[in-house]
Amino acid sequence: MSYSQYLPRRMRRLRRTDGLRAMVAENQLSAADLIYPVFVLPGANQREAVPSMPGVERLSIDLLVKEAQAAYDLGIRSLALFPVTPMEAKSLCASEAFNPNGIAQTAIRELKKHVPDMMLISDVALDPFTSHGQDGLIDEDGYVVNDETVEILIKQALSHAEAGVDIVAPSDMMDGRIGAIRDALEEAGFVHTCIMAYSAKYASSYYGPFRDAVGSAANIKGGNKKTYQMDPANSDEAIAEIALDLEEGADMVMVKPGMPYLDIIRRCKSELAVPTFAYQVSGEYAMHMAAFENGWLNREQVILESLLAFKRAGADGILTYFAPEAAKLLKQG
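Residues numbered from 1 in each chain as written. Predicted model: local features only at pLDDT ≥ 70, side-chain atom pairs only at ≥ 80, totals over all residues. Heavy atoms only, no water.

**Student:** Requested: an account of the overall build of the protein chain, with residues and values cited.
**Tutor:** Within the protein chain one finds twelve helices and ten strands. At 21 Å, the protein chain has a C-alpha radius of gyration in line with the 20 Å of a compact globule built from 333 residues. Taken over 333 residues, the protein chain has a buried fraction of 53%. The long-range share in the protein chain, meaning contacts at least 24 apart out of those at least 6 apart in sequence, stands at 74%. (Helix = DSSP H or I, 4+ residues; strand = E, 2+ residues; numbered from the N terminus. Rg over C-alpha atoms; globule rule 2.2 N^0.38 Å. Buried < 20%, exposed > 50% of the residue type's maximum accessible area, 1.4 Å probe, protein only. Contact = heavy atoms within 4.5 Å.)

**Student:** So what's going on with the nonpolar core? Which residues, and what values?
**Tutor:** Counting residues in hydrophobic clusters, the biggest one holds 107 residues, and the most contacted among them are Phe39, Ile181, Met196 and Tyr279. Apart from residues no more than four positions distant in its own chain, Ile181 is found in contact with Val124, Leu153, Ile154, Ala157, Val168, Pro170 and Ile195. (Core = buried A, V, L, I, M, F, W, Y, C linked by side-chain atoms within 4.5 Å.)

**Student:** Now, about the packing of helix 2 (residues 61-73) against helix 3 (residues 103-114): what can you tell me, with residues and values included?
**Tutor:** Following both chains from N to C, one finds helix 2 and helix 3 inclined at 45°, their axes separated by 10 Å at the closest point. In terms of orientation, helix 2 lies oblique with respect to helix 3. Two packed elements cross with a definite hand, and for helix 2 against helix 3 that hand is right-handed. Taking contact as the criterion, the partners of Ile61, Leu64, Val65, Ala68 and Gln69 in helix 2 are, on helix 3, Ile103, Thr106, Ala107, Glu110, Leu111 and His114. In terms of residue class, the contact of helix 2 with helix 3 is made up of seven nonpolar, three polar and one charged. (Axes fitted to C-alpha atoms, helices over the stretch in contact; angles between N-to-C directions. Parallel < 35°, antiparallel > 145°, perpendicular 65-115°, else oblique. Left-handed = near helix turned anticlockwise from the far one by under 90°. Nonpolar A, V, L, I, M, F, W, Y, C, P; charged D, E, K, R; others polar.)

**Student:** Tell me about the pattern of salt bridges, and name the residues and values.
**Tutor:** Scanning the entire structure with this criterion turns up 15 salt bridges. Taking the shortest distance from any N to any O, the salt bridge between Asp18 and Arg21 comes out at 2.3 Å. Taken together, the positions of Asp18 and Arg21, both in helix 1 (residues 18-24) and three residues apart, correspond to about one turn of that helix. Two residues, Asp245 and Arg177, come together in a salt bridge whose shortest N-O distance is 3.2 Å. (Salt bridge = Lys/Arg side-chain N within 4 Å of Asp/Glu carboxyl O.)

**Student:** Tell me what's going on with a positive patch on the surface, and back it up with residues and numbers.
**Tutor:** A cluster of basic residues, Arg10, Arg12, Arg13 and Arg15, forms a positive patch on the protein surface. Of note, Arg12 is situated in the segment before helix 1. The exposure class of Arg12 is exposed, given its relative accessible area of 68%. (Patch = residues over 30% accessible without salt bridge, like charges linked within 9 Å, V, L, I, M, F, W, Y side chains within 5 Å. Areas by Shrake-Rupley, 256 points an atom, 1.4 Å probe, with all protein chains shown as cover. Lys, Arg positive; Asp, Glu negative; His and termini not counted. Charge placed at Lys NZ, Arg CZ, Asp CG, Glu CD.)

**Student:** Describe a negative patch on the surface, naming the residues involved and giving the relevant values.
**Tutor:** Together, Asp147, Glu148, Glu151 and Asp175 make up a negatively charged patch on the protein surface. Classification of Glu151 by relative accessible area gives partly exposed; the value is 48%.

**Student:** Please give an account of helix 11 (residues 299-313) that cites residues and values.
**Tutor:** The first and last C-alpha atoms of helix 11 sit 22 Å apart over 15 residues, in line with the 21 Å expected at 1.5 Å per residue. Within the span of helix 11, buried status applies to Val302, Ile303, Ser306, Leu307, Ala309, Phe310, Lys311 and Ala313. Looking at the buried side of helix 11, the elements it contacts are strand 1 (34-41), helix 9 (262-272), strand 9 (276-280), helix 10 (282-293), strand 10 (317-320) and helix 12 (323-332). Between the side-chain oxygen of the N-cap and the backbone nitrogen of Glu300 there are 3.3 Å, and the N-cap of helix 11 in question is Asn298. Immediately beyond the C-terminal end of helix 11, within one or two residues, lies Gly314, with a positive phi of roughly 120°. (Expected span 1.5 Å × (residues − 1). Polar contact = N/O pair within 3.5 Å; in protein donor to acceptor, adjacent residues only side chain to side chain.)

**Student:** Which residues make up the environment of Ala188, and what values go with them?
**Tutor:** Tracing the chain through its elements places Ala188 in the loop between helix 5 (177-187) and strand 7 (194-201). The exposure class of Ala188 is partly exposed, given its relative accessible area of 42%. Expressed as a C-alpha distance, the spacing of Ala188 and Leu158, which sit 30 residues apart in the sequence, is 8.1 Å.

Geometric descriptors of this kind do not, in isolation, establish any biological role.
This is how it looks when you write it as C-alpha coordinates:
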(Lines give C-alpha, C1' and ligand atoms only; values in the text may rest on other atoms or scores of the structure.)
Protein backbone atom coordinates (compact mmCIF):
# COMPACT_ATOMS: atom_id res chain seq x y z
CA MET A 1 0.00 0.00 0.00
CA SER A 2 1.50 3.29 -1.08
CA TYR A 3 1.93 6.23 1.26
CA SER A 4 -0.05 8.54 -1.06
CA GLN A 5 -3.28 6.66 -0.35
CA TYR A 6 -3.30 8.22 3.08
CA LEU A 7 -2.94 11.73 1.60
CA PRO A 8 -5.83 12.24 -0.82
CA ARG A 9 -5.35 15.98 -0.40
CA ARG A 10 -1.81 17.28 -0.34
CA MET A 11 -1.96 20.92 0.67
CA ARG A 12 1.54 21.56 -0.65
CA ARG A 13 0.50 20.83 -4.24
CA LEU A 14 -0.92 24.33 -4.56
CA ARG A 15 2.23 25.93 -3.09
CA ARG A 16 4.70 24.42 -5.56
CA THR A 17 5.08 27.28 -8.06
CA ASP A 18 4.59 31.03 -8.24
CA GLY A 19 1.74 30.54 -10.68
CA LEU A 20 -0.13 28.09 -8.46
CA ARG A 21 0.32 30.26 -5.39
CA ALA A 22 -1.00 33.30 -7.26
CA MET A 23 -3.97 31.32 -8.59
CA VAL A 24 -5.22 30.35 -5.14
CA ALA A 25 -4.20 33.45 -3.18
CA GLU A 26 -7.11 34.47 -0.98
CA ASN A 27 -6.11 38.12 -0.76
CA GLN A 28 -4.40 40.55 -3.09
CA LEU A 29 -2.63 43.81 -2.27
CA SER A 30 -2.60 46.68 -4.76
CA ALA A 31 -1.53 50.32 -4.77
CA ALA A 32 -5.22 51.28 -4.76
CA ASP A 33 -5.49 49.73 -1.26
CA LEU A 34 -2.96 52.22 0.11
CA ILE A 35 -3.73 55.59 1.67
CA TYR A 36 -0.70 57.84 2.07
CA PRO A 37 -0.62 59.94 5.29
CA VAL A 38 1.21 63.24 4.79
CA PHE A 39 2.21 66.09 7.11
CA VAL A 40 1.65 69.62 5.79
CA LEU A 41 3.77 72.62 6.79
CA PRO A 42 3.14 76.34 6.34
CA GLY A 43 5.38 78.29 3.97
CA ALA A 44 7.01 77.42 0.66
CA ASN A 45 9.85 75.08 -0.28
CA GLN A 46 9.91 73.77 3.29
CA ARG A 47 10.97 70.24 4.14
CA GLU A 48 11.52 68.93 7.68
CA ALA A 49 12.53 65.44 8.72
CA VAL A 50 10.64 63.68 11.51
CA PRO A 51 13.46 62.22 13.66
CA SER A 52 11.33 59.46 15.20
CA MET A 53 10.06 58.42 11.75
CA PRO A 54 13.11 57.94 9.51
CA GLY A 55 12.27 58.72 5.89
CA VAL A 56 9.11 60.70 6.71
CA GLU A 57 9.10 64.45 6.14
CA ARG A 58 6.81 67.37 6.81
CA LEU A 59 6.28 69.23 3.52
CA SER A 60 5.05 72.67 2.57
CA ILE A 61 2.13 72.72 0.16
CA ASP A 62 4.19 73.34 -2.99
CA LEU A 63 6.35 70.29 -2.28
CA LEU A 64 3.33 68.28 -1.19
CA VAL A 65 1.68 68.86 -4.57
CA LYS A 66 4.73 67.28 -6.24
CA GLU A 67 4.69 64.41 -3.74
CA ALA A 68 0.98 63.84 -4.40
CA GLN A 69 1.51 63.71 -8.16
CA ALA A 70 4.36 61.22 -7.74
CA ALA A 71 2.17 59.07 -5.49
CA TYR A 72 -0.70 59.21 -7.98
CA ASP A 73 1.66 58.11 -10.76
CA LEU A 74 2.51 55.05 -8.64
CA GLY A 75 -1.18 54.10 -8.44
CA ILE A 76 -1.94 55.55 -5.00
CA ARG A 77 -5.36 57.14 -5.13
CA SER A 78 -5.82 58.62 -1.62
CA LEU A 79 -3.94 61.00 0.64
CA ALA A 80 -4.68 61.61 4.32
CA LEU A 81 -3.75 65.16 5.36
CA PHE A 82 -2.37 66.10 8.77
CA PRO A 83 -1.47 69.77 9.33
CA VAL A 84 1.50 70.98 11.34
CA THR A 85 0.29 74.08 13.18
CA PRO A 86 2.78 76.73 14.36
CA MET A 87 2.87 77.07 18.15
CA GLU A 88 1.70 80.68 18.00
CA ALA A 89 -1.49 79.62 16.16
CA LYS A 90 -2.53 77.13 18.86
CA SER A 91 -5.04 78.11 21.52
CA LEU A 92 -7.37 76.77 24.18
CA CYS A 93 -10.34 77.19 21.84
CA ALA A 94 -8.61 75.68 18.76
CA SER A 95 -9.98 78.40 16.46
CA GLU A 96 -7.27 77.74 13.87
CA ALA A 97 -8.93 74.37 13.20
CA PHE A 98 -11.71 76.02 11.19
CA ASN A 99 -9.76 78.92 9.68
CA PRO A 100 -10.82 78.90 5.99
CA ASN A 101 -7.27 79.92 5.09
CA GLY A 102 -5.63 77.45 7.47
CA ILE A 103 -2.90 75.08 6.36
CA ALA A 104 -5.24 72.09 5.90
CA GLN A 105 -7.88 74.07 4.02
CA THR A 106 -5.29 75.69 1.75
CA ALA A 107 -3.61 72.35 1.09
CA ILE A 108 -6.95 70.80 0.09
CA ARG A 109 -7.62 73.56 -2.44
CA GLU A 110 -4.13 73.38 -3.94
CA LEU A 111 -4.09 69.60 -4.17
CA LYS A 112 -7.50 69.54 -5.80
CA LYS A 113 -6.32 72.15 -8.29
CA HIS A 114 -3.15 70.30 -9.29
CA VAL A 115 -3.98 66.62 -8.69
CA PRO A 116 -7.78 66.67 -9.04
CA ASP A 117 -8.30 62.91 -9.19
CA MET A 118 -6.45 62.22 -5.94
CA MET A 119 -8.94 61.44 -3.18
CA LEU A 120 -8.29 63.67 -0.18
CA ILE A 121 -9.05 62.62 3.39
CA SER A 122 -8.82 65.31 6.04
CA ASP A 123 -8.23 64.75 9.73
CA VAL A 124 -10.99 66.25 11.88
CA ALA A 125 -9.61 66.61 15.40
CA LEU A 126 -8.34 69.44 17.54
CA ASP A 127 -5.04 68.15 18.92
CA PRO A 128 -2.89 69.94 16.29
CA PHE A 129 -4.61 73.21 17.24
CA THR A 130 -4.94 73.16 21.02
CA SER A 131 -2.28 74.60 23.27
CA HIS A 132 -2.64 71.58 25.58
CA GLY A 133 -2.45 68.89 22.88
CA GLN A 134 -5.75 67.19 23.67
CA ASP A 135 -8.30 66.37 20.95
CA GLY A 136 -10.93 68.69 22.40
CA LEU A 137 -11.69 71.66 24.58
CA ILE A 138 -10.97 71.24 28.28
CA ASP A 139 -12.68 72.43 31.47
CA GLU A 140 -10.98 73.90 34.55
CA ASP A 141 -10.02 70.38 35.70
CA GLY A 142 -8.39 69.51 32.37
CA TYR A 143 -11.20 67.13 31.38
CA VAL A 144 -12.01 67.10 27.67
CA VAL A 145 -15.60 68.28 27.33
CA ASN A 146 -17.68 66.46 24.75
CA ASP A 147 -20.48 68.59 23.35
CA GLU A 148 -18.53 71.85 23.25
CA THR A 149 -15.78 70.02 21.35
CA VAL A 150 -18.30 68.66 18.86
CA GLU A 151 -19.38 72.20 18.01
CA ILE A 152 -15.80 73.03 16.98
CA LEU A 153 -15.45 69.76 15.06
CA ILE A 154 -18.54 70.67 13.04
CA LYS A 155 -16.95 73.98 12.04
CA GLN A 156 -13.71 72.23 11.15
CA ALA A 157 -15.43 69.59 9.01
CA LEU A 158 -17.48 72.22 7.18
CA SER A 159 -14.36 74.26 6.43
CA HIS A 160 -12.75 71.18 4.88
CA ALA A 161 -15.84 70.41 2.83
CA GLU A 162 -15.96 73.99 1.59
CA ALA A 163 -12.31 73.66 0.53
CA GLY A 164 -13.25 70.62 -1.56
CA VAL A 165 -12.16 67.60 0.46
CA ASP A 166 -13.62 64.24 -0.57
CA ILE A 167 -13.69 62.60 2.86
CA VAL A 168 -13.66 64.06 6.35
CA ALA A 169 -12.19 61.75 8.95
CA PRO A 170 -13.15 62.58 12.56
CA SER A 171 -10.44 61.01 14.72
CA ASP A 172 -11.33 62.64 18.03
CA MET A 173 -13.56 59.95 19.60
CA MET A 174 -16.13 62.37 21.00
CA ASP A 175 -19.61 60.89 21.50
CA GLY A 176 -22.18 61.91 18.88
CA ARG A 177 -19.80 63.78 16.60
CA ILE A 178 -20.53 61.69 13.49
CA GLY A 179 -24.27 62.44 13.59
CA ALA A 180 -23.64 66.12 14.26
CA ILE A 181 -21.15 66.42 11.40
CA ARG A 182 -23.42 64.48 9.04
CA ASP A 183 -26.35 66.77 9.81
CA ALA A 184 -24.21 69.87 9.31
CA LEU A 185 -22.83 68.63 6.00
CA GLU A 186 -26.32 67.81 4.72
CA GLU A 187 -27.74 71.15 5.82
CA ALA A 188 -24.88 72.99 4.10
CA GLY A 189 -25.43 71.08 0.87
CA PHE A 190 -22.35 68.86 1.08
CA VAL A 191 -24.37 65.71 0.48
CA HIS A 192 -21.53 63.95 -1.35
CA THR A 193 -18.86 64.49 1.28
CA CYS A 194 -18.02 61.13 2.84
CA ILE A 195 -17.27 60.49 6.50
CA MET A 196 -14.53 58.06 7.45
CA ALA A 197 -15.07 57.66 11.18
CA TYR A 198 -12.19 56.71 13.43
CA SER A 199 -14.65 54.57 15.33
CA ALA A 200 -12.30 52.20 17.12
CA LYS A 201 -9.39 54.43 18.06
CA TYR A 202 -7.55 53.10 21.07
CA ALA A 203 -5.65 55.01 23.77
CA SER A 204 -2.50 53.44 22.44
CA SER A 205 1.18 53.93 23.19
CA TYR A 206 1.97 53.47 19.50
CA TYR A 207 1.20 57.11 18.58
CA GLY A 208 4.32 58.78 19.95
CA PRO A 209 6.15 59.51 16.67
CA PHE A 210 2.94 60.91 15.12
CA ARG A 211 2.64 63.43 17.93
CA ASP A 212 6.21 64.45 17.21
CA ALA A 213 5.34 64.86 13.54
CA VAL A 214 2.32 67.14 14.07
CA GLY A 215 3.93 69.00 16.94
CA SER A 216 1.49 68.04 19.70
CA ALA A 217 3.89 65.97 21.83
CA ALA A 218 5.29 69.06 23.54
CA ASN A 219 1.79 70.36 24.27
CA ILE A 220 0.36 67.23 25.85
CA LYS A 221 3.44 66.99 28.11
CA GLY A 222 3.16 63.33 29.00
CA GLY A 223 -0.62 63.40 29.43
CA ASN A 224 -2.92 60.76 28.03
CA LYS A 225 -6.23 60.46 26.19
CA LYS A 226 -7.79 57.61 28.12
CA THR A 227 -11.02 59.46 28.95
CA TYR A 228 -12.09 59.48 25.30
CA GLN A 229 -10.00 57.00 23.33
CA MET A 230 -10.70 53.30 23.86
CA ASP A 231 -9.21 50.95 26.43
CA PRO A 232 -6.84 48.47 24.67
CA ALA A 233 -8.42 45.71 26.79
CA ASN A 234 -11.81 46.00 25.04
CA SER A 235 -13.15 44.37 21.91
CA ASP A 236 -16.96 44.34 22.25
CA GLU A 237 -16.85 48.06 23.01
CA ALA A 238 -15.17 48.63 19.64
CA ILE A 239 -18.02 46.94 17.80
CA ALA A 240 -20.54 49.04 19.76
CA GLU A 241 -18.64 52.24 18.89
CA ILE A 242 -18.50 51.31 15.21
CA ALA A 243 -22.20 50.44 15.10
CA LEU A 244 -23.10 53.78 16.70
CA ASP A 245 -21.05 55.72 14.15
CA LEU A 246 -22.70 53.83 11.30
CA GLU A 247 -26.14 54.65 12.70
CA GLU A 248 -25.13 58.31 12.84
CA GLY A 249 -24.12 58.42 9.19
CA ALA A 250 -20.52 57.21 8.78
CA ASP A 251 -19.79 55.87 5.31
CA MET A 252 -16.70 53.94 6.34
CA VAL A 253 -14.88 53.20 9.57
CA MET A 254 -11.31 53.14 10.84
CA VAL A 255 -9.52 50.90 13.32
CA LYS A 256 -6.41 52.47 14.88
CA PRO A 257 -3.69 51.27 15.56
CA GLY A 258 -3.38 48.54 12.98
CA MET A 259 -1.36 45.37 13.48
CA PRO A 260 -1.89 45.12 17.28
CA TYR A 261 -5.66 45.31 16.58
CA LEU A 262 -6.13 42.95 13.64
CA ASP A 263 -8.75 41.11 15.68
CA ILE A 264 -10.89 44.27 15.76
CA ILE A 265 -10.60 44.68 11.99
CA ARG A 266 -11.71 41.06 11.53
CA ARG A 267 -14.66 41.44 13.89
CA CYS A 268 -15.78 44.68 12.27
CA LYS A 269 -15.73 43.22 8.78
CA SER A 270 -17.31 39.91 9.78
CA GLU A 271 -20.01 41.25 12.08
CA LEU A 272 -20.92 44.55 10.44
CA ALA A 273 -19.86 44.04 6.79
CA VAL A 274 -18.99 47.69 6.17
CA PRO A 275 -16.08 49.46 4.44
CA THR A 276 -13.31 48.99 6.99
CA PHE A 277 -9.96 50.74 7.06
CA ALA A 278 -6.87 50.38 9.24
CA TYR A 279 -4.03 52.71 10.17
CA GLN A 280 -0.52 51.29 10.33
CA VAL A 281 0.45 53.97 12.81
CA SER A 282 3.67 55.85 13.44
CA GLY A 283 4.87 53.49 16.17
CA GLU A 284 4.44 50.50 13.88
CA TYR A 285 6.38 52.33 11.17
CA ALA A 286 9.15 53.32 13.59
CA MET A 287 9.56 49.75 14.87
CA HIS A 288 9.81 48.40 11.34
CA MET A 289 12.31 51.07 10.35
CA ALA A 290 14.50 50.33 13.37
CA ALA A 291 14.58 46.65 12.43
CA PHE A 292 15.34 47.46 8.79
CA GLU A 293 18.13 49.87 9.65
CA ASN A 294 19.72 47.30 11.94
CA GLY A 295 19.51 44.58 9.31
CA TRP A 296 17.23 42.45 11.46
CA LEU A 297 14.39 42.15 8.92
CA ASN A 298 14.17 42.10 5.13
CA ARG A 299 12.72 45.51 4.30
CA GLU A 300 10.88 44.82 1.06
CA GLN A 301 9.42 41.49 2.10
CA VAL A 302 8.28 42.68 5.52
CA ILE A 303 6.65 45.88 4.20
CA LEU A 304 4.45 43.90 1.83
CA GLU A 305 3.76 41.12 4.34
CA SER A 306 2.70 43.62 7.00
CA LEU A 307 0.27 45.29 4.60
CA LEU A 308 -1.13 42.00 3.33
CA ALA A 309 -1.93 41.13 6.95
CA PHE A 310 -4.45 43.97 6.99
CA LYS A 311 -6.14 42.69 3.84
CA ARG A 312 -6.31 39.19 5.29
CA ALA A 313 -7.93 40.57 8.44
CA GLY A 314 -10.61 42.25 6.32
CA ALA A 315 -9.41 45.80 5.74
CA ASP A 316 -10.50 47.44 2.51
CA GLY A 317 -7.65 49.93 2.69
CA ILE A 318 -4.62 50.80 4.79
CA LEU A 319 -3.17 54.12 5.86
CA THR A 320 0.56 53.57 5.79
CA TYR A 321 3.70 55.69 5.66
CA PHE A 322 5.17 52.94 3.48
CA ALA A 323 2.62 53.68 0.73
CA PRO A 324 4.99 55.04 -1.96
CA GLU A 325 7.61 52.35 -1.34
CA ALA A 326 4.99 49.60 -1.25
CA ALA A 327 3.42 50.89 -4.47
CA LYS A 328 6.81 50.76 -6.18
CA LEU A 329 7.36 47.19 -5.00
CA LEU A 330 3.93 46.16 -6.23
CA LYS A 331 4.59 47.79 -9.58
CA GLN A 332 7.80 45.80 -9.92
CA GLY A 333 5.81 42.63 -9.31
